[in-house]
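Each chain, written out:
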Amino acid sequence: MAHPVLALGTAALTAAGSAWYLPALLDLRAGADRPRAVRLAATGCLLWWSGLAAAALLLTTPLSWHVPLGAALTGALSGAALRVLAASERRADRREQDRAWGLSPYELPTVRGVRPSAATVGWVTGGLAVAAATAAATLLAGNPGPTGSAVVTVAGSVGLCLLILLVALNRTRPH
């Protein structure tokens, strides 16, 4: 399929997604009036749709299809990572509210941040290492060709998303 046809379809899909990204934009504009979990979910939604819009714009250029694919993949994976983090934040807020109202039958820890487990840090670090090693091996192989470009694009996108997730998990909650 020709790039202009894909660009037009992607732009139409992005325009139709306004039912999701406009309320998310309003949630972000509300700032501290919204809970942190809602703001994280809204940021994830905007990242997803921004990645798709960037892919639509990149499809209008004479670049290879790997570049728009990388933009869409980066937006999708980053958005998904933030949505998972928002769900974790929402659960932590519910547990804190239950504890404050005395609804919880067990004592919760008093730590005020979302701390990743050792397994999470290990998986994210391992994913970053695999993504970096794959990209480096492809680039060092000489003339990577179209398959090598796709591997570098996907590995770079996965590595960037895992890095965003690791940084987001290590941030403390502002209470």
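Refer to the structure presented above.
Residues numbered from 1 in each chain as written. Predicted model: local features only at pLDDT ≥ 70, side-chain atom pairs only at ≥ 80, totals over all residues. Heavy atoms only, no water.

A. A look at the overall build of the protein chain. When helices and strands are counted, the protein chain shows 6 helices and 0 strands. Overall, the protein chain shows an N-to-C arrangement of helices and strands of α-α-α-α-α-α. By the burial criterion, 33% of the 175 residues in the protein chain qualify as buried. A sequence separation of at least 24 residues applies to 70% of the contacts in the protein chain between residues at least 6 apart. Looking at the protein chain as shown, the accessible area adds up to about 10500 Å², and 68% of this sits on carbon and sulfur atoms. (Helix = DSSP H or I, 4+ residues; strand = E, 2+ residues; numbered from the N terminus. Buried < 20%, exposed > 50% of the residue type's maximum accessible area, 1.4 Å probe, protein only. Contact = heavy atoms within 4.5 Å. Areas by Shrake-Rupley, 256 points an atom, 1.4 Å probe, with all protein chains shown as cover.)

B. How the structure looks around the pattern of salt bridges. Scanning the model with the defined rule gives 2 salt bridges in all. Between Asp27 and Arg34 there is a salt bridge; the shortest N-O distance is 2.9 Å. Residue classification places Arg34 among the partly exposed positions, given a relative accessible area of 33%. The salt bridge partner of Arg36 is Glu89, with a shortest N-O separation of 3.0 Å. Of this pair, Arg36 sits in helix α3 (residues 36-59) while Glu89 sits in helix α4 (residues 66-100), and the two are 53 residues apart along the sequence. With a relative accessible area of 13%, Arg36 lands in the buried category. Judged by relative accessible area, Glu89 falls into the buried class, the value being 1%. (Salt bridge = Lys/Arg side-chain N within 4 Å of Asp/Glu carboxyl O.)

C. Summary view of α4. The terminal C-alpha atoms of α4, which comprises 35 residues, lie 50 Å apart, in line with the 51 Å expected from a rise of 1.5 Å per residue. Gly102 sits one or two residues past α4 and shows a positive phi near 75 degrees. (Expected span 1.5 Å × (residues − 1).)

D. The arrangement of the packing of α3 against α4 in detail. Viewed as axis vectors pointing N to C, α3 and α4 meet at an angle of 175 degrees, and their least axial separation amounts to 7 Å. When the interaxial angle is binned, α3 and α4 end up roughly antiparallel. (Axes fitted to C-alpha atoms, helices over the stretch in contact; angles between N-to-C directions. Parallel < 35°, antiparallel > 145°, perpendicular 65-115°, else oblique.)

E. Structural view of a positive patch on the surface. Together, Arg83, Arg90, Arg91, Arg94 and Arg95 give the surface a local cluster of positive charge. By secondary structure assignment, the location of Arg95 is in helix α4. (Patch = residues over 30% accessible without salt bridge, like charges linked within 9 Å, V, L, I, M, F, W, Y side chains within 5 Å. Lys, Arg positive; Asp, Glu negative; His and termini not counted. Charge placed at Lys NZ, Arg CZ, Asp CG, Glu CD.)

F. How the structure looks around helix α1 (residues 3-16). The end-to-end C-alpha separation of α1 is 20 Å, in line with the 20 Å expected for 14 residues at 1.5 Å each. The secondary structure elements touched by the buried residues of α1 are α2 (18-30) and α3.

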